[in-house]
Amino acid sequence: RRCRCIFGKAQTQVHRKVIMPEVRIVNLSVYPLPEYQTQHSAGMDVRANISETISLKSLERTLVPTGLYVAIPNGYEIQIRPRSGLAAKQGITVLNSPGTIDADYRGEVKVILVNLSSERVDIHPGDRIAQMVLAKTEVIQWHKVPKRRLLIIFILWCMSICAYAFSYKTGFQCLFFLSFTATIT
């Protein structure tokens, strides 16, 4: 298929069959489900499910309910991120950004908002307060390093810092850097 890009030149679009994970959701708010605002949006806007306006003083934080309950599939998380317009225009951001909702969490999705502006800001019922992004997660396996090896790495790191700080000769810097990286692998 042909389409026109923003610069007016024609380009070919490759349409692939994308498998989207299914996320079960219960919406106890009076607002519609979160949805993507544009075709290529990464996040969906989340609304404040409050009955009265919340006033945030400068540097004040609050926990804002959304009325949403989600069942995220294993291997995924939902990240709660700030809305750039809200942050730029009013100084409101998500405090623990990005906030993580784990796959095993079944409570209400709530957003910790903070007012970083010098003025008081009001959050009204139904305001779009954050973005929700579904992201894949990986499970890690630790590789324990013996303490003796860690001590050697630390000593070599200190030596490389000293060589960098007190020497203008790149030969010494490279020697210490190479010895440092060799002990890590």
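Visitor: Give me the overall build of the protein: which residues, what numbers.
Guide: The secondary structure content of the protein amounts to 3 helices and 12 strands. In the protein, which comprises 185 residues, the proportion classed as buried is 30%. Considering only contacts in the protein between residues 6 or more positions apart, those separated by 24 or more positions represent 67%. For the protein, the exposed area adds up to about 13900 Å²; of that, 57% sits on carbon and sulfur atoms.

Visitor: Explain the pairing of strand S10 (residues 108–115) to me, and be specific about the residues and the numbers.
Guide: Burial analysis of S10 places 6 of its 8 residues in the buried class, the great majority of the element. As paired elements, strand S8 (residues 92–94) and S10 share 3 bridges and run antiparallel to each other. Opposite Val 94, over in S10, you have Leu 113 as the bridge partner.

Visitor: Provide a residue-level description of the confidence of the model for the protein, including the pertinent values.
Guide: Mean pLDDT for the protein: 84, with 77% of residues reaching 70 or above. The weakest mean pLDDT in the protein belongs to strand S2 (residues 10–12) at 44; the strongest belongs to strand S6 (residues 61–71) at 98. Here residues 1–15 is a poorly scored stretch, pLDDT under 50, and it has 12 contacts once near neighbours within four places are set aside; other chains count.

Visitor: So what's going on with the nonpolar core? Which residues, and what values?
Guide: Membership of the largest hydrophobic core comes to 26 residues, with the highest contact counts inside it found for Ile 80, Leu 113, Ile 123 and Ile 129. For this core, the elements supplying multiple residues, two or more each, are strand S4 (44–47), strand S5 (54–56), S6, strand S7 (76–81), S8, S10, strand S11 (121–123) and strand S12 (128–136). Excluding residues that lie within four positions of it along the chain, Ile 129 makes contacts with Val 46, Arg 47, Ala 48, Val 64, Arg 83, Leu 86, Val 111, Leu 113 and Ile 123.

Visitor: How would you sum up the sheet that holds S10? Please name residues and give values.
Guide: The strand order across the open sheet built from 4 strands is S3-S6-S10-S8, with neighbouring strands paired in antiparallel fashion. Strands at the two margins of the open sheet, each flanked by one partner only, are strand S3 (24–27) and S8. Neighbour-to-neighbour, the strand axes of this sheet turn through a mean angle of 40°, independent of strand direction. Relative to S10, S6 runs antiparallel, the two sharing 6 bridges. By the bridge assignment, Val 64 is partnered in S10 with Val 111.

Visitor: Account for the sheet that holds S7, naming residues and giving values.
Guide: With antiparallel pairing, 4 strands are arranged side by side in an open sheet as S4-S12-S7-S9. Of all strands in the sheet, those bounded by a partner on one side alone are S4 and strand S9 (99–101). Averaged over all pairs of adjacent strands, the angle between their axes in this sheet comes to 35°, without regard to strand direction. Strand direction decides the pairing type here: S7 and S9, joined by 3 bridges, are antiparallel. Each residue of the ladder has a partner; that of Ile 78, found in S9, is Ile 101.

Visitor: Tell me about the pattern of salt bridges, and name the residues and values.
Guide: In a structure, side chains of opposite charge can pair up when their charged atoms sit close to one another. Throughout the structure, instances matching the rule amount to 3 salt bridges. Linking Arg 83 and Asp 45 is a salt bridge whose minimum nitrogen-to-oxygen distance equals 3.4 Å. Of this pair, Arg 83 sits in the loop between S7 and helix H1 (84–90) while Asp 45 sits in strand S4; the two residues are 38 residues apart in sequence, bridging distant segments of the chain. Side by side, Arg 83 and Asp 45 carry an identical accessibility label, which is buried. Of the charged contacts in the structure, one is a salt bridge between Arg 128 and Asp 45, with a shortest N-O distance of 2.7 Å. With Arg 128 in strand S12 and Asp 45 in strand S4, the pair connects residues that are 83 residues apart, well separated along the chain. When salt bridges with common partners are traced through the structure, they connect Asp 45, Arg 83 and Arg 128 into a single cluster.

Criteria and thresholds
- Residues numbered from 1 in each chain as written.
- Predicted model: local features only at pLDDT ≥ 70, side-chain atom pairs only at ≥ 80, totals over all residues.
- Heavy atoms only, no water.
- Helix = DSSP H or I, 4+ residues; strand = E, 2+ residues; numbered from the N terminus.
- Buried < 20%, exposed > 50% of the residue type's maximum accessible area, 1.4 Å probe, protein only.
- Contact = heavy atoms within 4.5 Å.
- Areas by Shrake-Rupley, 256 points an atom, 1.4 Å probe, with all protein chains shown as cover.
- Pairing = 2+ DSSP bridges.
- pLDDT = per-residue confidence, 0-100.
- Core = buried A, V, L, I, M, F, W, Y, C linked by side-chain atoms within 4.5 Å.
- Axes fitted to C-alpha atoms, helices over the stretch in contact; angles between N-to-C directions.
- Salt bridge = Lys/Arg side-chain N within 4 Å of Asp/Glu carboxyl O.

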